Amino acid sequence: MKRRRADYFRNYDHYLGQQQRLFGPKWQTPTDIIGEAEHYGLITGNTRGEHTRLLEEHQKRLEPLEMRL
């Protein structure tokens, strides 16, 4: 895994806070970053925090997209 992506997972709450300031408190990424961080074993004390708690208040369940060939 590239170093920048791993840093994003490890410090997700900080990056999410920047995104929420730009796009509003209901902003959510189109992927489950927390789930990916858990999958790769990159959860740290900085992955979750005040911004991820705010996200959880507004988050809508992500649904898979239908793929058509």
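Owing to the predicted nature of the structure, the values given are computational and were not obtained by experimental measurement. (Residues numbered from 1 in each chain as written. Predicted model: local features only at pLDDT ≥ 70, side-chain atom pairs only at ≥ 80, totals over all residues. Heavy atoms only, no water.)

Participant: Can you walk me through the packing of helix α2 (residues 12-23) against helix α4 (residues 50-58) in this structure?
Facilitator: Helix-helix packing is characterised by the crossing angle of the two axes and by the distance between the axes. Look at α2 against α4: their axes get within 7 Å of each other, and the N-to-C directions meet at 60°. With respect to their mutual orientation, α2 and α4 come out oblique. The handedness of the crossing between α2 and α4 comes out as left-handed. From α2, Tyr 12, Asp 13, Leu 16, Gly 17, Gln 20 and Arg 21 reach across to α4, where they touch Glu 50, His 51, Thr 52, Leu 54 and Leu 55. Class assignment of the residues belonging to the contact of α2 with α4 gives a composition of four nonpolar, four polar and three charged. (Axes fitted to C-alpha atoms, helices over the stretch in contact; angles between N-to-C directions. Helix = DSSP H or I, 4+ residues; strand = E, 2+ residues; numbered from the N terminus. Parallel < 35°, antiparallel > 145°, perpendicular 65-115°, else oblique. Left-handed = near helix turned anticlockwise from the far one by under 90°. Contact = heavy atoms within 4.5 Å. Nonpolar A, V, L, I, M, F, W, Y, C, P; charged D, E, K, R; others polar.)

Participant: Just checking my understanding: could you explain the nonpolar core for this structure?
Facilitator: Most often, soluble globular proteins have nonpolar side chains that are buried together. Ranked by size, the top nonpolar core spans ten residues in total: Ala 6, Tyr 8, Phe 9, Tyr 12, Leu 16, Ile 33, Ile 34, Ala 37, Leu 42 and Leu 55. Contributing elements (two or more residues each) for this core: α1 (3-10), α2 and α3 (33-39). (Core = buried A, V, L, I, M, F, W, Y, C linked by side-chain atoms within 4.5 Å. Buried < 20%, exposed > 50% of the residue type's maximum accessible area, 1.4 Å probe, protein only.)

Participant: Even after reading the chapter, I still don't get the pattern of salt bridges, so can you show me in this structure?
Facilitator: It is possible for side chains bearing opposite charge to pair when their charged atoms get close. Scanning the entire structure with this criterion turns up two salt bridges. Between Arg 5 and Glu 36 there is a salt bridge whose closest N-O contact spans 3.0 Å. Here Arg 5 is found in helix α1, whereas its partner Glu 36 is found in helix α3, with 31 residues between them in sequence. Residue Arg 48 is joined to Glu 38 by a salt bridge in which the shortest nitrogen-to-oxygen separation is 2.7 Å. On the criterion of sequence distance, the pair formed by Arg 48 in the loop between α3 and α4 and Glu 38 in helix α3 is long-range, its members being ten residues apart. (Salt bridge = Lys/Arg side-chain N within 4 Å of Asp/Glu carboxyl O.)

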